[in-house]
Amino acid sequence: MTTGATIQERVDNVDIALDTMFLLVFGIFIYLMQAGFAFLEAGAVRSKNTVNILIKNALDSFFGGVSYWLFGYAFAYGEGNVFIGFSHFAHTGLTHTGYAHWFFQFVFAATAATIVSGAVAERCDFMAYIIYSTCVTGFIYPVVSHWAWSDGGWLSRGDIYEIDGQMVQIGYHDFAGSGVVHLLGGTVAFVGAYIIGPRLGRFDENGKPIEIRGHNIPYAALGGFILVFGFFAFNGSSSGSITKPGDEESVASAVVNTVMAASGGAFITLLLKRTHTFGDSKWSFLTTLNGSLTGMVSVCAGCHAYRTYCGFFVGLCGGLMYLFINWAVLKMQVDDPLDATAVHFGGGVVGAFAAPLLTFETGVFYNWNKASVLYLGWQVAGMIAIFLWALTLSILVFGLLKKAGILRVSEEYEMKGLDLPKHGEAAYPAEAYGHGWGDDQNT
Amino acid sequence: MTTGATIQERVDNVDIALDTMFLLVFGIFIYLMQAGFAFLEAGAVRSKNTVNILIKNALDSFFGGVSYWLFGYAFAYGEGNVFIGFSHFAHTGLTHTGYAHWFFQFVFAATAATIVSGAVAERCDFMAYIIYSTCVTGFIYPVVSHWAWSDGGWLSRGDIYEIDGQMVQIGYHDFAGSGVVHLLGGTVAFVGAYIIGPRLGRFDENGKPIEIRGHNIPYAALGGFILVFGFFAFNGSSSGSITKPGDEESVASAVVNTVMAASGGAFITLLLKRTHTFGDSKWSFLTTLNGSLTGMVSVCAGCHAYRTYCGFFVGLCGGLMYLFINWAVLKMQVDDPLDATAVHFGGGVVGAFAAPLLTFETGVFYNWNKASVLYLGWQVAGMIAIFLWALTLSILVFGLLKKAGILRVSEEYEMKGLDLPKHGEAAYPAEAYGHGWGDDQNT
Amino acid sequence: MTTGATIQERVDNVDIALDTMFLLVFGIFIYLMQAGFAFLEAGAVRSKNTVNILIKNALDSFFGGVSYWLFGYAFAYGEGNVFIGFSHFAHTGLTHTGYAHWFFQFVFAATAATIVSGAVAERCDFMAYIIYSTCVTGFIYPVVSHWAWSDGGWLSRGDIYEIDGQMVQIGYHDFAGSGVVHLLGGTVAFVGAYIIGPRLGRFDENGKPIEIRGHNIPYAALGGFILVFGFFAFNGSSSGSITKPGDEESVASAVVNTVMAASGGAFITLLLKRTHTFGDSKWSFLTTLNGSLTGMVSVCAGCHAYRTYCGFFVGLCGGLMYLFINWAVLKMQVDDPLDATAVHFGGGVVGAFAAPLLTFETGVFYNWNKASVLYLGWQVAGMIAIFLWALTLSILVFGLLKKAGILRVSEEYEMKGLDLPKHGEAAYPAEAYGHGWGDDQNT
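A brief structural summary. From a predicted model like this one, the values you see are computed outputs, not experimental measurements.

### Considerations on unusual backbone geometry
Leaving glycine out, the prevailing phi sign among residues is negative, and the prevailing peptide bond configuration is trans.
Residues and elements named next belong to chain A.
At step 1: Even without a glycine there, the phi angle at His88 is positive, about 65 degrees.
At step 2: In this fold, His88 is placed in the loop between helix H3 (50–77) and helix H4 (96–119).
At step 3: For Asp164, which is not glycine, the phi torsion reads 50 degrees and is therefore positive.
At step 4: Within the fold, Asp164 resides in the loop between strand E1 (159–163) and strand E2 (166–170).

### With respect to the relation of the copies chain B and chain C
At step 1: Superposition record for chain B on chain C: RMSD 0.0 Å, screw rotation 120 degrees, translation along axis 0.0 Å. Viewed as a symmetry operation, the transformation between the two copies matches a three-fold axis.

### Examining the interface of chain B and chain C
A common way to report how large an interface is uses the accessible area buried once the components associate.
At step 1: Between chain B and chain C, the contact holds 68 residues from the first and 70 residues from the second.
At step 2: Both faces considered, chain B and chain C share a buried interface measuring about 6,000 Å² in area, 71% of it formed by carbon and sulfur atoms.
At step 3: On the chain B side of the contact with chain C, Met21, Phe62 and Trp437 of chain B bury the most area, a combined 12% of that side's loss.
At step 4: There are three salt bridges connecting chain B and chain C.
At step 5: When the shortest N-O distance is used, the salt bridge between Asp15 of chain C and Arg10 of chain B registers 3.0 Å.
At step 6: Our enumeration of links across chain B and chain C arrives at 19 residue pairs in polar contact (both at pLDDT 80 or more).
At step 7: At 15 residues, the largest contribution of residues to the side of chain B that touches chain C is made by helix H1 (residues 4–31) of chain B.

### Description of a nonpolar patch on the surface
Residues and elements named next belong to chain B.
At step 1: Side chains of Phe353, Val380, Ile384 and Leu388 sit close together on the surface and give an oily, nonpolar patch of about 330 Å² of accessible area.
At step 2: Assignment of secondary structure puts Leu388 in helix H13 (residues 370–403).
At step 3: With relative accessibility at 44%, the residue Leu388 sits in the partly exposed group.

### Observations concerning the pairing of E2 of chain A
Residue and element names in this part refer to chain A.
At step 1: Bridge count between E1 and E2: five bridges; the pairing is antiparallel. Across the sheet, Ile163 pairs through a bridge with Gln166, a residue of E2.
At step 2: Two successive antiparallel strands, E1 and E2, enclose a turn made up of two residues, where Asp164 displays a positive phi of approximately 50 degrees.

### What to know about the interface of chain B and chain A
At step 1: With 70 residues of chain B in contact, the opposing surface of chain A contributes 68 residues.
At step 2: Counting the surface lost from both chain B and chain A, the interface buries some 6,000 Å², and carbon and sulfur atoms represent 71% of this.
At step 3: Contact with chain A buries surface across chain B, with Arg213, Phe225 and Trp283 of chain B losing the most and accounting together for 13% of the total.
At step 4: A salt bridge links Arg10 of chain A to Asp12 of chain B; the nearest nitrogen and oxygen atoms lie 2.8 Å apart.
At step 5: Taken together, the links from chain B to chain A amount to 19 residue pairs in polar contact (both at pLDDT 80 or more).
At step 6: Breaking the side of chain B that touches chain A down by element, the ones donating at least two residues are H1, helix H8 (217–236), helix H9 (247–274), helix H10 (285–299), helix H11 (308–331), helix H14 (411–416) and helix H15 (419–423) of chain B.
At step 7: Looking at the side of chain B that touches chain A element by element, the count peaks at 14 residues for H9 of chain B.
At step 8: Of the residues contributing to the side of chain B that touches chain A, the split by class is 42 nonpolar, 16 polar and 12 charged.

### A look at the nonpolar core
At step 1: In this structure, Trp102 and Phe103 of chain A, Trp102 and Phe103 of chain B together with Trp102 and Phe103 of chain C are the most contacted members of the largest nonpolar core, which totals 473 residues.
At step 2: Counting six residues, the second largest nonpolar core, distinct from the first, contains Ile7 and Val11 of chain A, Ile7 of chain B together with Ile7 of chain C.

### A word on helix H11 (residues 308–331) of chain A
At step 1: Here H11 of chain A is 24 residues long and its end C-alpha atoms lie 35 Å apart, about the 34 Å a rise of 1.5 Å per residue gives.
At step 2: Two residues or fewer past H11 of chain A, Gln333 of chain A is found with a positive phi of approximately 55 degrees.

### Details of the environment of Asp60 of chain B
All names here are of chain B.
At step 1: Relative to the helices and strands, Asp60 resides in helix H3 (residues 50–77).
At step 2: With a relative accessible area of 0%, Asp60 lands in the buried category.
At step 3: Distance from Asp60 to Thr111, taken between C-alpha atoms, is 8.4 Å for residues 51 residues apart in sequence.
At step 4: Once you skip the residues sitting within four places of it in the chain, Asp60 turns out to touch Gln34, Gly65, Ala113, Thr114, Ser117, Tyr129 and Ser133.

### So, the environment of Leu357 of chain C
Residues and elements named next belong to chain C.
At step 1: Tracing the backbone shows Leu357 in helix H12 (residues 340–358).
At step 2: When the C-alpha positions of Leu357 and Ser372 are compared, they lie 7.9 Å apart, and in sequence the two are 15 residues distant.
At step 3: Here Leu357 is in contact with Gly363, Val364, Phe365, Tyr366 and Leu376, once residues within four sequence places are set aside.

Cut-offs used in this document
- Residues numbered from 1 in each chain as written.
- Chains lettered and ligands numbered in written order.
- Predicted model: local features only at pLDDT ≥ 70, side-chain atom pairs only at ≥ 80, totals over all residues.
- Heavy atoms only, no water.
- Helix = DSSP H or I, 4+ residues; strand = E, 2+ residues; numbered from the N terminus.
- Least-squares fit on C-alpha atoms with pLDDT ≥ 70 in both.
- Contact = heavy atoms within 4.5 Å.
- Buried area = accessible area lost by both parts, 1.4 Å probe.
- Salt bridge = Lys/Arg side-chain N within 4 Å of Asp/Glu carboxyl O.
- Polar contact = N/O pair within 3.5 Å; in protein donor to acceptor, adjacent residues only side chain to side chain.
- Patch = residues over 30% accessible without salt bridge, like charges linked within 9 Å, V, L, I, M, F, W, Y side chains within 5 Å.
- Areas by Shrake-Rupley, 256 points an atom, 1.4 Å probe, with all protein chains shown as cover.
- Buried < 20%, exposed > 50% of the residue type's maximum accessible area, 1.4 Å probe, protein only.
- Pairing = 2+ DSSP bridges.
- Nonpolar A, V, L, I, M, F, W, Y, C, P; charged D, E, K, R; others polar.
- Core = buried A, V, L, I, M, F, W, Y, C linked by side-chain atoms within 4.5 Å.
- Expected span 1.5 Å × (residues − 1).

The values reported here are purely geometric and, on their own, carry no functional implication.
Okay, here's the thing in structure tokens:
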């Protein structure tokens, strides 16, 4: 214990211990986002479909756990080619260091699948949910994360260019997944909502939307708070380590920019709604909440490398995009009960696009040169590739489910509610309420 | 600061700092399980008893804090004999390093007590609750944790055997407490439910169970999500440190196996319920939730040392055991509103039994030899000892409380609800609802 | 990597990484207190004002984020004079290490503002809320944190005294902010509640209080659990680092004393309410919850330096003070719906006063000498200064808002509820409830 070598081993060990703890603690934070989505969605549906949306959200992480263990992780981070990995199926050959990595990647994968459940809420059949959710966590998302986040992926590699006489590698960059997680999840969500069709009564005969209000705003608020909490970790920990050079800066910047982007997104949506620019001149809580979520989605891609004002500005743009996509989706008569498209697709596009523009010192905005423009080019290419992949695969999955007649519940079930016939459980059984102490007191 | 010695001191200091932070962060995570149990239970009772169950769960950690400070920790981790410790009463002589250890052990102790409150819900008197809860946190649980987790306990020591010419120490192993926490808590819970008797109307005159549904499934879901979140820490941090050799592997494996076991438990219960093997052919959320919880209880004992497939398999077995114990308890006409017996006793038995069988490389399943069989023997001995201890003590406590006539509330209170007469507070006061903006709008 | 110098750099780096992670993880924990306050308050208001209180609590951290970024942090931790800082406006010149510090200080600032929202609940106009909340996070609180927590502040510097021939620096000490956060927040809350006036119907014509019950105790319980969870971090992390000498001790002691103080506060309030000393002889959950919160507020100032029995005792005193201030505020016919004055002002006074008395070895109680008495003197001076500052500024802010006629909503809005006219959103829209499966089943 007194020789330099032993000290060095001990320091090596501390680095590993600290990084392991970093991955696990932040991974556990991110896991809680499952509860965040669950309550955001539970609040947004009618009471008759509450148990249905809760079990879907709960199972996302359990079915996701199994499929990401059996094959999802292998496709994403196994050795393979530039397009897909194919080793470590069912954790074979995974070292223990790999376990922490697996857990950390798993909570991201579960998030991607969860995004979709909101868009098809109140009408998607349970069996169809199990199938599409397994596809997203087990294949659609892992392949894209292989492209963009594994060492060997074609997007993360990019290409080698000669710039000022030096060979420079330039590719797609997406720190916390504006594109990889949210643009992908939002695309699948939109396709799901489009193919499954709107809820009964969502549009009148002229295609005018009729609001279907959720049954519990406090649940939505709880979900929102948990999601902000989780986003600090989601964005903050995407370096994957805390001991490598530059990690502390990345992590701290990412957390601060998440605050900024959430504030920016909340601010602009609150204001535009209140001033009647969009909507009805009220201080809308749900709009502001979605604005802040979109802000945090938007800042993902570059949150480790923005100056604070850029983080705020990206959040503002995310909020604007949310309002626009929200409007456009309704215009298309697509019924996305949770605005998953507006929040995740909208925020994802803003985010993936903002990173090459606003990254400090090297972004196009700071430094218009060959390198920054090539980076922008790769970023656009990556976005298009992710979008087309998600679009194609999800059309396939939801199309086949529809063809097979198992995508959507019957009209009777939809009107009367899914909780009792499908799950045998009511969220609020009437006979469980009331007491015997006289009417003057209370429920 | 330039000599090797000073560097070594600094590295020592980093190790201590990192381990302290590890204990505190994961301990804080585990504390939140109190909220998890509180909402799981609040959702499972009728609205008239909601405040009653919430205050009990909240006080568990406060009364538990005092009793674990005054004597619980002394019995558990004080110097003493193989059966019980008796130093550090009221933290006397505890160093500051000991404070982090105390906090970490306290959150485990509070969990053990909390398990019981569900089994006697909706009818246990408040004074009786204070007494039994103090006994569990302050004595029943600490003694067992002394046996199994303190250096000097008879179960952790085991005995020394000659194997292949070498002297080997073999004893009871229970990484995160399948036996120490859950088998114990589940046994006390069952005894409590048995002695206090079923809620009015829980069984008809022929002994056939009549379901009493809880008033709020979203609360149960919230509790479930928080418990999964907490279990990652509960299982993950039971090494008690992150810097010692092998710690990173233990912690990462424990977290991953917790995901696996929760998935396995959820999967099998969902499936068997749906296929009408148990129950009524629905996708039951509450059963699936309990299945996943039992899976995580089951994996406790060996989660740091299983291959992933074993983690999943242990969870499956836990789920099966849950369904079986759930059925058996009802057959015995015992009313356990939260299925605490099925989840914690059932899961605990599976878990403590699985560890010597499935531990990688050294378990009976991998290596049938004298050492592994002796380990299995010690494990069974430990389970029996813990069960008998918990059984005897809890019969004594609940028996005396019943004898004294203070165990159960009056029939009138039980029928009309506990919240108003005992606490003066209704969960949902009727006059606090409604608004003045016209019926077309809403509540 | 083999030279001593490189090892030293690596150890330096580990220290920074560990401290950064410490600040961020505990900061994220503390952020969740926003959700804790939100649900504590949502449960305590009537259903017609639920969305209103939720959006205020959610925006606290978003508006707070912007104002603390633009100027709050500059006033608090910028270079300046003993009274106020004035650099780093909008993060200019802030290094990346500063980002973690900013985030950590921001979550404290957001907490200070949140305290106020409860006191003026159910009647404060939304615009007025935005203004006072920005003032608190952006100026009133930052200036006081500059006094007491920045290196150059007049309270933290104190003065230099000759004691036993040595020059000793003695000043105001407030580890986690009993005075800086809670006494300040509680004072502003009281002034707000006083100037805005009681809710309609809160006092009868003789000035006798008429209880207005909140609509959902489980929400209050959820808020309470989250706040305890958050307080472990709030108190535990106020050292601001974990690697400096003594840090581990401070952090572990702070967490343990937080358990103790919460227990003490809960214990005394539960008991005194039950024994009819205060109140109506019931086991009151809400009183006990507030008692435990006040205990944790009280222990802030010295939680890192108390023996455990002192932590418990300080919590007891906090609980007593809560009951007293609660009574006194009602006597003055001031309507503070969340008891923010009793919890935060009451607890803050107890806490700031207890630190110089009970700090281990150097407190007046252990060691009555010139140094300890001077420390007590500075502590009292600090409390008075903070109180007068908060009092003056908040009279100015709330007075001007009242003068301008924008402080309070109209009588019609107050009676009919704020959610629909101000936010266009009902917490529980009636049409979102019910299902079509027959009355025998349920809601």
